[in-house]
Amino acid sequence: MRFFITYTQPSVEKKALSLSKKLNLELFDDSGIYDTDSFSSDYFLVCKSERLILKKGLRKNAKPIFCDFDDWVSNYDDSLLKKALKGLPKKFSCLDVTAGFGKDSLEISKSNNCHSISLLEKASWMHALLQDGLENVTTPEAKELTMKFTLYNIDNLTFLNSSIKQFDLIYIDPMFYGVQRSKAKKHMQALRDLLPELKQEGLLKECLNSARYRVIVKRHKHMNYLEDLVPTRSVEGKVVRYDLYNIN
């Protein structure tokens, strides 16, 4: 599996070249490529005139992957996560230390009590997709929610060790490896393919030291507790479990 940057129109070639240098990814010219099967397992960060997308393979019918906050506002609902947010104070601040595509951060922002969310994403290509997603928000509802966002392209432990700020809520989604039988959705599969399984020892403990009220950890229901630390309580669904660690 390889990872490239490419572009669709000559007008965005300079943007693609700039991104390739910034993200340290090879710029790929796919014009004249007919043997698309040779690239079926590769990923491409595609610069288009309208937005930045990720796709697997070079086939024209490959579904684009991007941060679609406009769609997620109305067509994504995580009732389990909403239950995990109950009891937090009004105007709570949140730190998402594993931002990914920002889908769970958006869900947290839907809480009327949520005042602000800081999103940490170490992978520069993912941070670029997040930034592009925010720049392409169009609906009033999505704009209102994403106005709460502040993005950081930084390792979470580095941020936690250097920041003196405390957050009311800290959210951790370490991703699930090797536990699901069914194929993951394209967004999650891309993260699993492109990001290594990191063993971030001590992340939960650092989060517990930086949270005022609660740390929430997203787990597959069959997984052990993160760092073997028993939560205050858990909210469990058919596949996912949210472990809640209340402070004091």
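Just so it is clear, the model here is predicted, and its values are computed rather than measured.

Analysis parameters
- Residues numbered from 1 in each chain as written.
- Predicted model: local features only at pLDDT ≥ 70, side-chain atom pairs only at ≥ 80, totals over all residues.
- Heavy atoms only, no water.
- Pairing = 2+ DSSP bridges.
- Helix = DSSP H or I, 4+ residues; strand = E, 2+ residues; numbered from the N terminus.
- Salt bridge = Lys/Arg side-chain N within 4 Å of Asp/Glu carboxyl O.
- Buried < 20%, exposed > 50% of the residue type's maximum accessible area, 1.4 Å probe, protein only.
- Phe/Tyr/Trp six-rings, centres within 6.5 Å; stacked < 30°, edge-to-face > 60°.
- Axes fitted to C-alpha atoms, helices over the stretch in contact; angles between N-to-C directions.
- Expected span 1.5 Å × (residues − 1).

Student: Could you clarify how one ought to interpret the sheet that holds strand 3 (residues 43-47) in this entry?
Tutor: Working definition: the strands of a sheet are paired by backbone hydrogen bonds and lie parallel or antiparallel to each other. One open sheet accounts for four strands, arranged 2-1-3-4; its pairing is mixed. Two strands lie at the open edges of the sheet, namely strand 2 (26-27) and strand 4 (52-56), each paired on one side alone. Sheet topology note: the strand 3/strand 4 ladder contains five bridges and is antiparallel. Residue pairing across strands places cysteine 47 opposite leucine 52, the latter belonging to strand 4.

Student: Help me understand the pattern of salt bridges in this model?
Tutor: Where charged atoms of side chains with opposite charge meet at close range, the side chains can pair. Scanning the entire structure with this criterion turns up nine salt bridges. A salt bridge links arginine 51 to aspartate 132, with the nearest nitrogen and oxygen atoms 3.7 Å apart. Of this pair, arginine 51 sits in the loop between strand 3 and strand 4 while aspartate 132 sits in helix 5 (residues 124-135), and the two are 81 residues apart along the sequence. Here the two residues arginine 51 and aspartate 132 agree in accessibility, since each one is buried.

Student: Even after reading the chapter, I still don't get the packing of aromatic side chains, so can you show me in this structure?
Tutor: In this description, an aromatic ring pair is defined by two values, namely the gap between the centres and the angle between the planes. Within the structure shown, the criterion is met by ten aromatic pairs. On the numbers, 5.0 Å between centres and 40° between planes, the contact of phenylalanine 4 with phenylalanine 28 is tilted. With phenylalanine 4 in strand 1 (residues 3-7) and phenylalanine 28 in the loop between strand 2 and strand 3, this residue pair connects regions lying 24 residues apart in the sequence. By relative accessible area, which is 10% here, phenylalanine 28 ends up buried.

Student: Which parts of the structure should I look at to understand the sheet that holds strand 6 (residues 114-120)?
Tutor: Within the open sheet, the seven strands sit side by side as 7-6-5-8-9-11-10. Their pairing is mixed. The open sheet terminates on both sides in strands that have one partner only, identified here as strand 7 (149-152) and strand 10 (233-236). Between one strand and the next, the sheet's axes are offset by a mean angle of 20°, whatever the strand orientation. With five bridges joining them, strand 5 (residues 92-96) and strand 6 adopt parallel strand pairing. In the sheet register, leucine 95 faces strand 6, and the bridge partner there is serine 118.

Student: Sorry if this is basic, but what is going on with the pairing of strand 7 here?
Tutor: If a strand is regular, its side chains alternate between the two faces of the sheet. Taking every second residue as pointing to the same face, the buried face of strand 7 carries Phe149 and Leu151, while none of Thr150 and Tyr152 on the other face is buried. Direction of pairing for strand 6 relative to strand 7: parallel, over a ladder of four bridges. Bridge pairing links leucine 119 to leucine 151 in strand 7.

Student: I would appreciate a short explanation of helix 5 in the present structure.
Tutor: Given 3.6 residues per helical turn, the α-helix brings residues three or four places apart onto the same face. Between its first and last C-alpha atoms helix 5 spans 16 Å; for twelve residues at 1.5 Å apiece the expected length is 16 Å, and the two agree. Regarding helix 5, the residues found buried are Trp125, Met126, His127, Ala128, Leu129, Leu130, Asp132 and Gly133.

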